[in-house]
Amino acid sequence: MTRPQDAIWQSATVPCRVNLIGEWIDFNGGTVLPMALTPSVRVDIQSNQSQSDQVSSEQFDGPRAFGIDAPATDHWSDYIRGALQYARKQEWISAGQDVHVKSAIPVGAGLSSSAAIIVAALKAARPSFATVTDANLALAAKEIENRFIGVPCGIMDQMAVALGKPGTALALDTRDCSYELLDIPDSWSIVVAHSGLHRALTDGRYRARRDECLEAARQIGAAYLCDASMDFLDALDPILAKRARHVISEGKRSKEAVAALRSDDRARFGQLMIESHNSLRDDMDVSVPGIDQLVAHAIDLGAEGARITGAGFGGCVAALIDPSILANWWTGLTALHPTIKRIS
Ligand code: GLA
């Protein structure tokens, strides 16, 4: 789509995120610790006075036109169109929009490209008179992802990309969405490496794991699975017991990790990342052999911690390293895994 010379475009740019710790607990009452990363998505919108939204992108396909009330079609533009339909209900915009998307966020890498695109579209559509906060936009983005797209995700990703700043971790209590931005000390290097193994959350595995967690909580009688006691695990069937063990232990680990970050205890934080990975691999069953190998090599080469990040099933590894060994560490890791890419 070429932009008319005299067009008044509204635009917003939103970063992606990596989750440092606190995985699969954002719908189980846990505290999570995502950090915004530099790659971002920019969304430009402008009213076209018609009854259709025309969506184009440099990374994906387009332009394509959709009726303003058309349902999701399993196309990347669903994220945009869900946001536009929400914005029209709020009377932030009227009629159809021309939309242009420019994204540097890898898709299927566990970096919240979908949350970023929805939040960017909402921010672009939000008029200057609207008093809605970024945190409330994040809640709206979650509803769009749950109801329009059909992925029953928690609130972590939307909050992380709506509020996050690269280099700063967001300690987020997912029960009430209270949060604090915490600086990463200069003596911590966090490297995000994309394995190249892609995955999608729309394939049903996210919903299946989530349902197992909610069923475990129901059988135990806990409002939030993070609050449950390990003493109840024996009463659950083996799969539900594994999911519950991950969630209960990860809830404790992430709180301890926030304390370790506050007190600049890099070694303890790294240890908790390793325990988190092992739990995601063995109890949550969301890792894959290629990622397990990458994590193991990252640690063998001197990282203090490394783990799969996001929902899993592929995507990225986050590692914590002493900055003084970073260059050699990366050289060693890329010698073993020549196709990995550093995201920063
Ligand atoms: C995806 C979801 C999040 C969260 C993570 C796992 O990124 O969108 O809500 O559940 O998986 O921690």
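Not measured: the values here are computed from a predicted model.

Asker: Mind showing me how you'd approach the environment of R342 here?
Answerer: Locating R342 in the fold gives a position in strand β12 (residues 341-343). Once the C-alpha coordinates of R342 and S195 are considered, the two residues, 147 residues apart in sequence, prove to be 9.2 Å apart. Apart from the residues within four sequence positions on either side, R342 is in contact with I190, V191, V192, L326 and W330.

Asker: Where do I start with the packing of aromatic side chains in this structure?
Answerer: To describe a pair of aromatic rings, you give the distance between the ring centres and the angle between the ring planes. Overall, the coordinates contain 8 aromatic pairs when judged by the stated rule. Ring geometry for Y86 and W92: centres 5.8 Å apart, planes at 80°, overall edge-to-face. Taking the relative accessible area as the measure of exposure, Y86 reaches 24% and is therefore partly exposed. Measuring from centroid to centroid gives 5.1 Å for W188 and F269, while their planes differ by 65°, and the two rings are edge-to-face. Of this pair, W188 sits in the loop between β8 (178-183) and β9 (189-194) while F269 sits in helix α7 (residues 266-282), and the two are 81 residues apart along the sequence. Between R81 and the ring centre of F66, over which it is positioned, the NZ or CZ distance is 4.1 Å.

Asker: For this particular structure, what's the right way to read the domain arrangement of the chain?
Answerer: Accessible area lost during the coming together of the parts is what is often quoted as the interface size. Taken domain by domain, the chain consists of domain 1 (10-183) and domain 2 (189-342). Taking only C-alpha atoms into account, the centre of domain 1 sits 24 Å from that of domain 2. Each side of the interface is counted separately: domain 1 has 36 residues, and domain 2 has 45 residues. Summed over both sides, the interface between domain 1 and domain 2 buries roughly 3200 Å², with carbon and sulfur atoms accounting for 67% of that surface. Our enumeration of links across domain 1 and domain 2 arrives at 3 salt bridges. A salt bridge links R262 to E180; its shortest N-O distance comes to 3.1 Å. Of all the elements in the fold, those that place two or more residues in the side of domain 1 that touches domain 2 are β1 (10-19), β3 (34-47), β7 (168-173) and β8. Residues that form the side of domain 1 that touches domain 2 fall into these classes: 20 nonpolar, 10 polar and 6 charged.

Definitions and limits used
- Residues numbered from 1 in each chain as written.
- Predicted model: local features only at pLDDT ≥ 70, side-chain atom pairs only at ≥ 80, totals over all residues.
- Heavy atoms only, no water.
- Helix = DSSP H or I, 4+ residues; strand = E, 2+ residues; numbered from the N terminus.
- Contact = heavy atoms within 4.5 Å.
- Phe/Tyr/Trp six-rings, centres within 6.5 Å; stacked < 30°, edge-to-face > 60°.
- Buried < 20%, exposed > 50% of the residue type's maximum accessible area, 1.4 Å probe, protein only.
- Lys NZ or Arg CZ within 6 Å of the ring centre and 35° of its normal.
- Domains from an automatic or database assignment.
- Buried area = accessible area lost by both parts, 1.4 Å probe.
- Salt bridge = Lys/Arg side-chain N within 4 Å of Asp/Glu carboxyl O.
- Nonpolar A, V, L, I, M, F, W, Y, C, P; charged D, E, K, R; others polar.

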